[in-house]
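# Summary of the model geometry
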Amino acid sequence: MSLWPRFRRRARRQHTIFVLSGGAVRGAAQVGMLRELLGAGLVPDAVVAVSAGALNGLPVANDPTLEQVDLLGGRPGFDTGERLRELIEEYAPVTDLGDTLVPIHVGTTAASTGSLCWWSDGPSVDILCASAAIPGVFPSVPLPDGDHHLDGGVLSNLPLRYAVSLGATRLVVLDVAADFLPAEKQTALTSMLTGFRAATTELTRQEWLDVPESIEVLHVELPMASSGLDLDFGETEALLVEGAEAARGAIAASGWITG
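## A look at the nonpolar core
- With 54 residues, the main nonpolar core has Phe18, Leu37, Leu97, Leu128, Leu174, Leu218 and Val220 as its most contacted residues.
- Of the residues forming this core, the biggest block, 7 residues, is contributed by helix α2 (residues 28–39).
- The contacts of Leu128, once residues within four sequence positions are left out, are Ala54, Leu55, Leu58, Ile88, Leu97 and Val106.
- In this structure, Ala46, Leu158, Leu160 and Ala168 belong to the second largest nonpolar core, which totals 13 residues.

Here you go:
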C-alpha cells in the first residue's frame, strides 16, 4: 500500500498560531475572545504575544481550555509596577516559559539597543513584567541577557511577522490595539503616549503587508472606540463582553467552523 496519501494528509496539517496584541486594559477583551475561540474548537499550536497579550497568552499556552479562560476573567487590575509583578507572580502557571503545554513566544524591547527580543524560555514572571512595561508608566526589567527590557509592543504591538516566521498556516489574531483619543480627553500621560501609539500603528500596518496570502487569517478585532486612558480598569467587564461579541462575529464570517 502506498504511503503517499498518508504523507499528503500529514503535510496538510494546519499549524495554528494565536497572536495576541498589546492594548493595556483593552487586553481584558482578549479573555472574551479566547472564551469564544476555544468554545468553537479553535486551539493554538503556538502562541505569540506581547504586552497585555502576553499576560493572557501564558496561562492559555499552559492550559488551552475554557476552564483556564474563566480564571483569567477574575483577575484584578494593576496601576503600578509593583502591583503588576504581584499579579503576574500570583497567576503565572509556570516558572519558566519553556514549560508550557503549547509553545509561547513573548516579545520584549531591549532598552540599550532598541532591539525586539523573543523569549520562548526563561523566567516567566520577569519576562511578562518586561513585555508589559509601558515606557514612562512602568519600570524596565532586567532579563537574563544582561539588558533591561520594556514593552514588546513598542516595536511589534501585533507580532504577525514573527508568527509567520514560525511556520504558521493559520493565524488567529486577537487585536485589541487602541485608537487615538480626541483632544478633549487628552491628559499629560496620554499625550506622552501618543507618539508611542502612532509608531506602533504604522509598524502594525507594515506587519499586515508581510503576511502571505497563502496563510489563512481569522482577525478578531476590538472596535477602536475608547472612552479614556487604556489603564482604566473600570471598563473591564464591558471589554469582556465586547471581546466575545467580536470573536463570535469573526468566527461566523470566517467559515472556519461548519456544522
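Here the narrative resumes, following the displayed structure.
## Structural notes on the confidence of the model for the protein
- Mean pLDDT over the protein works out to 86, with 80% of the residues at or above the 70 mark.
- Note that pLDDT drops below 50 for residues 1–11; the model gives that stretch 0 contacts with residues more than four away or on any other chain.

## Regarding the packing of α2 against helix α3 (residues 52–62)
- Relative to each other, α2 and α3 sit at 35 degrees, their axes nearing to 9 Å. Crossing geometry of α2 relative to α3 is assigned as right-handed. The segment α2 lies against α3, with Gln30, Val31 and Leu34 engaging Ala52, Gly53, Asn56 and Val60.
- Of the residues belonging to the contact of α2 with α3, the class tally is 4 nonpolar, 3 polar and no charged.

## Some words on α3
- Among the 11 residues in α3, 10 count as buried, and that is most of the element.
- Among the residues making up α3, those that are buried are Ala52, Gly53, Ala54, Leu55, Asn56, Gly57, Leu58, Pro59, Val60 and Ala61.

## Remarks on the side chain of Ser51
- The topology assignment puts Ser51 in the loop between β2 (46–50) and α3.
- The buried category is assigned to Ser51, whose relative accessible area is 4%.
- Residues in contact with Ser51, not counting those within four places in the same chain, are Gly22, Ser131, Ala132 and Asp151.

## Quick look at helix α10 (residues 236–254)
- In this model α10 runs 27 Å from its N-terminal to its C-terminal C-alpha over 19 residues, within 8% of the 27 Å that 1.5 Å per residue would give.
- Restricting attention to buried positions, one finds in α10 the residues Thr236, Leu239, Leu240, Gly243, Ala244, Ala246, Ala247, Ala250 and Ile251. Take α10 and look down its axis: the buried residues cluster within an arc of 165 degrees, on one side only. Away from its buried face, by an angle of more than 90 degrees, α10 presents the exposed residues Glu237, Ala252 and Ala253.
- In the core, the buried residues of α10 are packed alongside α2 and β8 (216–221).
- Phi turns positive one or two residues past the end of α10, at Gly255, with a value near 75 degrees.

What counts, and at which threshold
- Starting afresh in each chain, residues are numbered from 1 along the sequence in its written order.
- Predicted model: local features are reported for residues with pLDDT of at least 70 only, side-chain atom pairs are reported and counted for 80 or more only, and whole-chain, interface and lining totals are derived from all residues.
- Only heavy atoms go into the side-chain values, all of them from the structure, while hydrogens and water stay out.
- Think of a nonpolar core as a cluster: buried Ala, Val, Leu, Ile, Met, Phe, Trp, Tyr and Cys residues, connected wherever their side-chain atoms sit within 4.5 Å.
- Note on classification: 1.4 Å probe, protein chains only; a residue is buried when its accessible area is under 20% of the maximum for its type, exposed when over 50%, partly exposed between these limits.
- In DSSP terms, a helix is any run of H or I states spanning at least four residues, a strand is any run of E spanning at least two, and both are numbered starting from the N terminus.
- We call two residues in contact whenever any of their non-hydrogen atoms come within 4.5 Å of each other.
- Values of pLDDT, ranging from 0 to 100, describe the predictor's confidence in every residue of the model.
- Fitted lines through C-alpha atoms give the axes, limited to the stretch in contact for helices. The angle between two N-to-C directions lies from 0 to 180 degrees.
- Crossing chirality is assigned from the near helix's rotation relative to the far helix, an anticlockwise turn below a right angle marking it left-handed and a clockwise turn marking it right-handed.
- All amino acids are sorted into three groups, where Ala, Val, Leu, Ile, Met, Phe, Trp, Tyr, Cys and Pro are nonpolar, Asp, Glu, Lys and Arg are charged, and the leftover types, Gly among them, are polar.
- What a helix should span is 1.5 Å times the count of its residues minus one.
- An arc is given here, and it is the one of the directions from the helix axis to the C-beta atoms.

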